[in-house]
Amino acid sequence: MAYSPNELINRITGILKEEQNCDGSWDYPFDTGVKTDAYMIILLKTLEINDEDLIRRLTERILSKQEKNGAWKLYYDEKDGNLSYTVEAYYALLYSGFYPKSDTRLRLAKSFILKNGGMEKAGIFTKVLLALTGQYKWPAFFPLPVELILLPLSFPINFYDFSVFGRANLAPIMILAAKKYNRKTKDSPDLSDLFVNRTDEFFSADEKRSFENIFSIIEQGIKSILMAPGQLRSYAIERAKQYMLNHLEPDGTFYSYFSSTFLMIFALMSLGYKKDDPVILKAVEGLKGMECTIKGYTHMQYTTANVWNTALISYTLQNAGVPASDPTVIAANEYLLEKQHYKYGDWVIHNPSALPGGWGFSDINTFNPDVDDTTAALRAFSPLVTENSALRSSWDRGTNWTISMQNNDGGWPAFERNVDKKIMNLLPIEKARFLVSDASSADLTGRTLEFFGNYTNMPKKSKKIRNGAEWLKADQKKDGSWYGRWGICFIYGTWAAVTGLMAIGFDRKDKSIQNAAAWLKRIQNKDGGWGESCSSDIENTYVPLRKSHITQTAWALDALIAAENQPTPEIQAGVRYLLHSYDSENWTWDYPVGQGMGGGFYIHYHSYRYIFPLLALSNYEKKFIRKAQAPV
């Protein structure tokens, strides 16, 4: 079915209004594939929690995603499949007890694993899973010793040089590696037939050599601590344990992340906690609380995305003409007000003078705010700030926190300031930049500048805005694009950068804007849409999807709408694609366009096909259609 712009705007608006929850939020799934489904099965079986109904439902979703060759993929066009992902899925299906090794689907998966190098070729984090459940031998040498947590902030490498996501996952891993802990049960499967060379090497020779440099620096710092080695290790393990326990959310999860909570449960058991300890049982219940249903299948979300969905939807609806007085918007904004943070989080370590006031991503999250969610929530409040004193107080706290989060280089990070030490690049961990760094990124910087330019009275020539713009211009690639950290990838980053620069007063004839617009036009598909592969993230260069994607089309289109003063042929073609293809369901509907950890997991936001087409079309209508219809 083909729509007019107004028809599609009205249709999406109607869907969003209808699907709002009673509490004012939207709980569209945070879909990260089957990795968390597999880990949940392994966790329940290891803890001997006999929730057979949940386990069976999770296996059904895992099997529904299996490829014909027996593998599992992180995304549709990921060549033949992903070895680590397939090992995890196979392990969960076997451990579930519902499928024997003789099952045709498991035999196909095993064949894929062996053809691709066996279990020993899996990634480090998959090997951690295998080691803590007794399927792989912990290495005698682990390059990130638990004593790292004791190094002072003044040392060249310390625990807080890792991103918050890195710390959340590394704290339990360092305990587990120090303890060489593993837990098997009478139902544990035997995965030894997944080895090709019968080796239990944890790290390759190249990884070991790469680790030597950074380990020698860490070791030097540890030796400077005047304490007996045994006492030092015990003290470090206790510090790591307290770090975990001090960062529990009200639902019992560790940082509200599935992976860190999963690892914490095993780390606590390695320290003597019983499997039925209240802390562990509450953590398990917290993970179960992330259950959702997608196309009739049960999925365990990595976290929930309610705050992010609600903030984006509220301001996008208002941008599309829904008044701030509408009950939908009122309910959404009341929900967002309740979710503003009042607690200090780890962000204060690198930003000690700021007061709390940001928003987190998940409705579970109470102390780990991020810049993107904060500006999204503030956009939702902007029409009412001058007339509502409660909103004004919230607004001031949020904007002040956002301003304070600017990095020294001028850009904005997601969670913490200035967590981008170059020395950390020595870590040979797969995709270490996602685990280690929270550097300035084009998407965060562009979106923050767009907020300041379009929704605040901050002078556009202020030093902070100038510094942000200079960082963005310096970060632009030679082809005119920008790389976006939290979306796929170059289309996302370019959209954020262009809309940000235009919002702070850049002229469309500026070289950076012209180059970006030219790049977007060059990569437009013949059908008028745009599409980019998740492989861009791995290759670190633009890789076309070879199929147009509704969300990525909306990003590219919105960027061009911002950059042009009239509806160019490329804009018109992009609009036609959205209007004619919006209801044409195909494999791209499930294709992830969000990044979690490159090469590890990607995110399919079920809300995006509503949010971003609505944003692009309403901006198109306001800038070109209504303007043309206005009386002279």
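How each quantity is defined
- Residues numbered from 1 in each chain as written.
- Predicted model: local features only at pLDDT ≥ 70, side-chain atom pairs only at ≥ 80, totals over all residues.
- Heavy atoms only, no water.
- Helix = DSSP H or I, 4+ residues; strand = E, 2+ residues; numbered from the N terminus.
- Expected span 1.5 Å × (residues − 1).
- Buried < 20%, exposed > 50% of the residue type's maximum accessible area, 1.4 Å probe, protein only.
- Arc of directions from axis to C-beta.
- Contact = heavy atoms within 4.5 Å.
- Phe/Tyr/Trp six-rings, centres within 6.5 Å; stacked < 30°, edge-to-face > 60°.
- Lys NZ or Arg CZ within 6 Å of the ring centre and 35° of its normal.
- Salt bridge = Lys/Arg side-chain N within 4 Å of Asp/Glu carboxyl O.
- 1 Å grid on protein atoms, 1.4 Å probe; cavity = no way out; pocket = protein on both sides within 12 Å on 5 of 7 lines; lining within 4 Å.
- Points joined across faces, edges and corners; volume = space filled by probe spheres on them.
- Pairing = 2+ DSSP bridges.
- Axes fitted to C-alpha atoms, helices over the stretch in contact; angles between N-to-C directions.
- Left-handed = near helix turned anticlockwise from the far one by under 90°.
- Nonpolar A, V, L, I, M, F, W, Y, C, P; charged D, E, K, R; others polar.
- Patch = residues over 30% accessible without salt bridge, like charges linked within 9 Å, V, L, I, M, F, W, Y side chains within 5 Å.
- Areas by Shrake-Rupley, 256 points an atom, 1.4 Å probe, with all protein chains shown as cover.
- Lys, Arg positive; Asp, Glu negative; His and termini not counted.
- Charge placed at Lys NZ, Arg CZ, Asp CG, Glu CD.
- Parallel < 35°, antiparallel > 145°, perpendicular 65-115°, else oblique.
- Polar contact = N/O pair within 3.5 Å; in protein donor to acceptor, adjacent residues only side chain to side chain.

## Looking at helix H20 (residues 511–522)
- Along its 12 residues, H20 runs 16 Å from first to last C-alpha, staying within 8% of the 16 Å computed at 1.5 Å per residue.
- Turning to H20, its buried residues number three or more, namely Ser512, Ile513, Ala516, Ala517, Trp519 and Leu520. Projected down its long axis, H20 shows its buried positions confined to an angular sector of 160°, all on one face. Residues Lys511 and Arg522 are exposed on H20 and point more than 90 degrees away from its buried face.
- Lining the buried residues of H20 we find helix H18 (463–475), helix H19 (490–503) and helix H22 (550–563).

## A word on the packing of aromatic side chains
- In the structure shown here, the tally under the stated rule is 47 aromatic pairs.
- Ring centres of Tyr483 and Phe490 lie 5.4 Å apart, and the angle between their planes is 70°; this geometry places the pair in the edge-to-face category. Here Tyr483 matches Phe490 in class, with each residue buried.
- Judged by centre distance (5.7 Å) and plane angle (40°), the ring pair of Tyr492 and Trp495 falls under tilted. Placement of the pair is Tyr492 and Trp495 together in helix H19, with a separation of 3 residues, close to one helical turn. Each of the two residues, Tyr492 as well as Trp495, counts as buried.
- Of the aromatic side chains, those joined through ring pairs into one cluster are Phe159, Tyr160, Phe165, Tyr243, Phe254, Tyr255, Tyr257, Tyr302, Phe367 and Phe601.
- The cationic tip of Arg56 hangs over the ring face of Phe98; the distance from NZ or CZ to the ring centre is 4.0 Å.
- The ring of Trp589 has Arg609 sitting right over it, with the charged end atom 3.8 Å from the ring centre.

## Regarding the pattern of salt bridges
- For the structure shown, the criterion picks out 25 salt bridges.
- Lys288 serves as the salt-bridge partner of Asp51, at 3.0 Å between the closest nitrogen and oxygen. With a gap of 237 residues between them, Asp51 in the loop between helix H2 (35–46) and helix H3 (52–64) and Lys288 in helix H11 (residues 278–288) connect regions that are remote in the sequence.
- Its salt-bridge partner being Glu450, residue Arg447 comes within 3.9 Å of it at the nearest N-O pair. Of the two residues, Arg447 and Glu450 are both situated in helix H17 (residues 442–455); the distance of 3 residues between them amounts to about one turn of the helix.

## Side note on empty space enclosed by the protein
- A full pass over the atoms with the stated rule returns 3 cavities of 30 Å³ or more.
- Its volume calculated, the second largest cavity comes out at about 60 Å³.
- Together, Trp308, Leu312, Tyr315, Asp372, Ala376, Arg379, Arg447, Tyr492, Trp495 and Phe612 line the second largest cavity.
- Elements represented by at least two residues in the lining of the second largest cavity include exactly helix H12 (306–319), helix H14 (371–381) and H19.

## Side note on the pairing of strand S3 (residues 297–300)
- As defined by bridge partners, strand S2 (residues 291–294) adjoins S3 across 4 bridges and the pair is classed as antiparallel. Within the sheet, the bridge partner assigned to Thr293 lies in S3 and is Thr298.
- Linking S2 to S3, which pair antiparallel, is a turn of 2 residues; within it Lys295 sits at a positive phi near 50°.

## A few points about unusual backbone geometry
- Although it is not a glycine, Ser256 sits at a positive phi angle of roughly 70°.
- For Ser256, the location among the structural elements is in the loop between helix H9 (229–245) and helix H10 (258–270).
- Its identity is not glycine, yet Arg546 carries a phi of approximately 65°, on the positive side.
- With respect to the helices, strands and loops of the structure, Arg546 is situated in the loop between helix H21 (535–539) and H22.

## Thoughts on the packing of H17 against H18
- Packing of H17 against H18 brings their axes to within 10 Å, and their N-to-C directions diverge by 145°. Read as a crossing pair, H17 and H18 show a hand that is left-handed. Of the residues in H18, those touching H17 at Ala442, Thr445, Gly446, Leu449 and Phe452 are Ile465, Gly468, Ala469, Trp471, Leu472 and Asp475.
- Considering only residue class, the contact of H17 with H18 consists of 7 nonpolar, 3 polar and 1 charged.

## A few points about a negative patch on the surface
- On the surface, a cluster of negative charge is made up of Asp23, Asp27, Glu334 and Glu338.
- Along the chain, the position of Asp23 falls in the loop between helix H1 (5–18) and strand S1 (30–31).

## Let's talk about the side chain of Glu416
- For Glu416, the location among the structural elements is in the loop between helix H15 (389–404) and helix H16 (432–436).
- In this structure Glu416 comes out as buried when scored by relative accessible area, which is 2%.
- Non-local contacts of Glu416, meaning those with residues more than four positions away in its chain, are made with Phe162, Ser163, Val164, Arg167, Asp346, Trp347, Met405, Asn407 and Asp438.

## Things to note about H11
- Taken together, the buried positions of H11 are occupied by Ile280, Ala283, Val284, Gly286, Leu287 and Lys288.
- Elements in contact with the buried residues of H11: H2, H3, H10, S2 and S3.

## Concerning the packing of H2 against H11
- Running from N to C, H2 and H11 cross one another at 150°; their axes reach a closest spacing of 12 Å. If you check the angle between H2 and H11, you find them roughly antiparallel. With respect to the hand of their crossing, H2 and H11 are arranged in left-handed fashion. On the side of H2, the interface is formed by Met40, Leu43 and Leu44, while H11 contributes Val284, Leu287 and Lys288.
- In terms of residue class, the contact of H2 with H11 is built from 5 nonpolar, no polar and 1 charged.

## Details of the side chain of Thr126
- If you trace the backbone, Thr126 turns up in helix H6 (residues 124–132).
- Judged by its relative accessible area of 3%, Thr126 falls in the buried class.
- A polar side-chain atom of Thr126 sits 2.8 Å from a polar atom in the side chain of Glu88.
- What Thr126 contacts, discounting residues up to four positions off in sequence, is Tyr39, Ser84, Val87 and Glu88.

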